[in-house]
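# Structural characterization, general
Now for the letters of each chain:
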Amino acid sequence: MATALALVLSATAALTGQTPPPRATSAPPSDTRLSRLIIKPVPLRAGVGAAHESVTTKVVKAQQYYDQGLAYLHSFVWIEAARSFNEALRADPALAMGQLGLSYALAELGDSTGARAAIRRSTDLVSAVTPRERFRIELRAKQLAAAANPRDATAAGAYRAHLDRIDTEFAQDVELLLIAGQMGGRAGPGAGAASSPHAAGAARSGSEEHQATAPGMRGDSASLRYYERARAVEPDYFAIDHYMAHAYENIGRPKDALLFAQRFATKAANVPHAHHMFGHVLRQVDRMAEAIAEFEKADTLHAASARTDAIPLDLDWHYRHNLDLLATSYQYVGKMTQAATLLKRSFDLQGSGHLGREQDVHKRAWPLFLLSRGRTQEALDAARTMQRHPSGLVQALGHILASRALQALGKPEDAAIAGNAALKQMRALGAQGGTLVPDFELAQGEYLLRTGNTEAGGKMLRGGVTKLMADRSPDAWVATVFQLEAAVRVARERGQTALAADLSSVLREHAPYYAGTHYALGLTAQQRGDKAAARTAYAEASSRWRDGDRDLPERVDVRKRLASLGS
């Protein structure tokens, strides 16, 4: 065991701080269900956001379906966007802008070959379009060329020069200002690349086209300048509200994001992501009950779409993402029975090739939940399921989680073997494996504490927490809450009072409104003999768990502790 552990520790530094995984440069496995689905007819729909961009066509139906495809693009509804653009092209096969829209949609669905073919068809039709449309088509062609050749400075420069023309030639063009904002004012093959909530950017799509698409999820302060300019031209456009909500959330200003997220949800009331986005922001401003209601609306819309359009839920990236956030929101408020049902449903979903296998790293939420509820053997079984996953990244995470479960089961030798297996897989993955360093260090810190090496364990646990906190993305927020809570718990269980107190402070900084935060602070205060502080913290925890399961162990314990402390 000592030899195995030494191997684990010696290699941690080699992975720590590595860059995020490189973008995939080949198309993912095709899914014939998807290729059949995107050519199915689609009706014109209300409640999906009002979008209009005048395009060269004499066919009214083609314009209508182009506008619907554009609206769906702005709401990240890629399948319905592709269906709408295909419908527009059936109405007018010469619609160059229909091919442009299809290129964007197919790229987001991971169809690299299809995206390139669509832009080639669009380019073949430019002789009949307006100069503005020609610019749009050329911009996309240069974007894809730069994405396909990330080391080609000439291709990157050509794209950058074309993008910069928006400021000088199209300063009042809303759609082009939104494109510039999505890129954060930066050009180049990787500039402004999105890290989508469902699976970290191109890890989901498996296509370099997605790297350059940047559909607004990584907006920042530079993006906001373009969005404000677009808003000055068209103040009620729902797409601007959507992108501004993302940008404000990404720069840590959820209160500013809230208004725009609410406007987006109102104007695109039949779009699941619109309600999801509103819920996304509500979570961060201490309005979790309302956030849950919005996630539930999104889930209902997904179910309706699956019924009426026969869209398999595993083909819709957003379904699983919303399911995960709804489940973890239930967990946050102490509704563990509902959380467990949804987390298991998400865990059992099979990843589709076009979405990318690495999206399944989010399966970690289920075994981590099981560990937190003391369902250790089930957690180990779930971790072993992950070890059989096609993705090496998910396999490595499965080994890490198995190590944690084996530790809790009192099997340190087996836990060390699982830790080594994780490390071996992470090293084989290179920089991509480095993304699991926080998970790895948390598991190894726990191992060291449990096996009596408290100094090294505390250092390792603190390092893992520091790296965990470095990810400030909105999607990571609630997952970090539960990882921090677990770190506090193991430190307290191993008698590391100072470490537990320090980690409780980190938890308070990260999630000041979470009941579990106040529970941890109350335990720390009571342990140091500060009864007044303990009573205050326990009372706050009790209040914030008021809607949780009545038999929630933490809630029951809080009531007992409050009773024992008196008034």
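Within every chain, residues take consecutive numbers counted from 1 along the sequence as written. Side-chain atom pairs in this predicted model are given and counted only at pLDDT of 80 or more, local residue features only at pLDDT of at least 70, and totals for whole chains, interfaces and linings cover all residues. Derived side-chain values reflect all non-hydrogen atoms in the structure, with water molecules and hydrogen atoms excluded from consideration.

### Quick word on the overall build of the protein chain
Labels follow the DSSP assignment, with helices taken as runs of H or I lasting at least four residues and strands as runs of E lasting at least two, numbered in each case from the N terminus. From N to C terminus, the protein chain includes 29 helices and zero strands. The buried label goes to any residue with under 20% of its type's maximum accessible area, the exposed label to any with over 50%, and the partly exposed label to all in between, with areas taken from a 1.4 Å probe on protein chains only. Each of the 567 residues in the protein chain was classed as buried or not, and the buried ones make up 59%. The contact definition used throughout considers only heavy atoms, calling two residues in contact when any of these lie within 4.5 Å. In the protein chain, the share of contacts with a sequence separation of at least 24, taken over all contacts with a separation of at least 6, comes to 65%. The Shrake-Rupley method, run with a 1.4 Å probe, gives the accessible areas here. Residue values count only the displayed protein chains as cover. When the accessible surface of the protein chain is summed, it comes to about 21900 Å², and 53% of that surface belongs to carbon and sulfur atoms.

### Thoughts on the pattern of salt bridges
Any Lys or Arg side-chain nitrogen found within 4 Å of a carboxyl oxygen on Asp or Glu counts as a salt bridge. Summed over the entire model, instances satisfying the criterion amount to 31 salt bridges. Two residues, Arg132 and Glu53, come together in a salt bridge whose shortest N-O distance is 2.5 Å. You can see Arg132 sitting in helix H7 (residues 131-148) and its partner Glu53 sitting in the loop between helix H2 (32-37) and helix H3 (60-74), a full 79 residues away along the chain. Looking at Glu53, the relative accessible area reads 4%, which means it is buried. Of the charged contacts in the structure, one is a salt bridge between Lys467 and Glu441, with a shortest N-O distance of 3.1 Å. Of this pair, Lys467 sits in helix H24 (residues 454-470) while Glu441 is found in helix H23 (residues 437-450), placing the two residues 26 residues apart along the sequence. Look at the salt bridges and you will find they share partners, linking Arg45, Glu80, Arg83 and Asp309 into a network.

### Observations regarding the environment of Tyr66
Within the fold, Tyr66 resides in helix H3. Residues Tyr66 and Glu87, 21 residues apart in the sequence, show an inter-C-alpha distance of 8.2 Å. Apart from residues lying up to four places away in sequence, Tyr66 is in contact with Glu53, Val55, Phe85, Ala88, Leu95, Met97, Gly98 and Arg136. Under the rule applied, a polar contact is a pair of N or O atoms within 3.5 Å (in protein, one hydrogen donor and one hydrogen acceptor; residues adjacent in sequence only if both atoms are side-chain atoms). Side-chain polar atoms of Tyr66 contact the side chain of Glu53, separated by 2.6 Å.

### Points about unusual backbone geometry
Even without a glycine there, the phi angle at Asp286 is positive, about 60°. Its place among the elements puts Asp286 in the loop between helix H15 (272-283) and helix H16 (288-309). The phi dihedral of Ala310 falls on the positive side, at around 55°, and the residue is not glycine. Its location among the elements puts Ala310 in the loop between H16 and helix H17 (317-333).

### Considering the nonpolar core
What we call a nonpolar core is a set of buried Ala, Val, Leu, Ile, Met, Phe, Trp, Tyr and Cys residues that are connected through their side-chain atoms within 4.5 Å. If you look at the biggest cluster of nonpolar residues, it comprises 167 residues, and the most contacted ones within it are Leu178 and Tyr237. Beyond its immediate chain neighbours, meaning those up to four positions away, Tyr237 contacts Ala50, Ala51, Leu70, His74, Val174, Glu175, Leu178 and Lys267.

### Concerning the packing of aromatic side chains
Each pair of aromatic rings taken from Phe, Tyr and Trp, with Trp reduced to its six-membered ring, is defined by centres within 6.5 Å and is described as stacked if the planes are under 30 degrees apart, edge-to-face if over 60, and tilted in the remaining cases. Under the counting rule described, the total for this entry stands at 13 aromatic pairs. Pairing Phe135 with Phe170 gives two aromatic rings, centres 4.5 Å apart and planes at 35°, and the pair type is tilted. Taken together, the positions of Phe135 in helix H7 and Phe170 in the loop between helix H8 (153-169) and helix H9 (174-182) put the pair 35 residues apart, joining distant regions of the chain. Taking the relative accessible area as the measure of exposure, Phe135 reaches 2% and is therefore buried. The exposure class of Phe170 is buried, given its relative accessible area of 13%. Each residue in the set Phe76, Trp78, Tyr227 and Tyr243 is aromatic and connected to the rest through ring pairs, giving one cluster.

### Some thoughts on the confidence of the model for the protein chain
Confidence scores labelled pLDDT are given residue by residue by the predictor and lie between 0 and 100. Per-residue confidence for the protein chain averages 88 on the pLDDT scale, and 87% of its residues sit at or above 70. Segment residues 1-29 is flagged for pLDDT under 50; beyond a separation of four residues in sequence, or across chains, it makes 68 contacts in the model. When the criterion is pLDDT under 50, residues 187-215 qualifies, and its contacts beyond four places in sequence or with other chains add up to 122 contacts.

### Observations regarding the environment of Glu413
With respect to the element layout, Glu413 can be found in helix H22 (residues 412-429). With a relative accessible area of 45%, Glu413 lands in the partly exposed category. Sequence-wise, Glu413 and Ser403 are 10 residues apart; in three dimensions their C-alpha atoms are separated by 9.5 Å.

### Quick word on helix H26 (residues 497-510)
Residues three or four positions apart in an α-helix share a direction because the helix packs 3.6 residues into each turn. How far a helix is expected to stretch is found by multiplying one less than its residue total by 1.5 Å. Helix length check: H26, at 14 residues, gives a terminal C-alpha distance of 20 Å against a target of 20 Å (1.5 Å per residue), a fit within 8%. For H26, the full list of buried residues reads Leu499, Ala500, Leu503, Ser504, Leu507 and His510. Projected onto a plane normal to the axis of H26, the buried residues spread over an arc of 135° and lie on a single side. Opposite its buried face, H26 presents the exposed residues Ala498 and Glu509, each directed more than 90 degrees away. On its buried face, H26 is in contact with H23, H24, helix H25 (477-493) and helix H27 (515-527). Here the arc refers to the set of directions running from the helix axis out to each C-beta atom.

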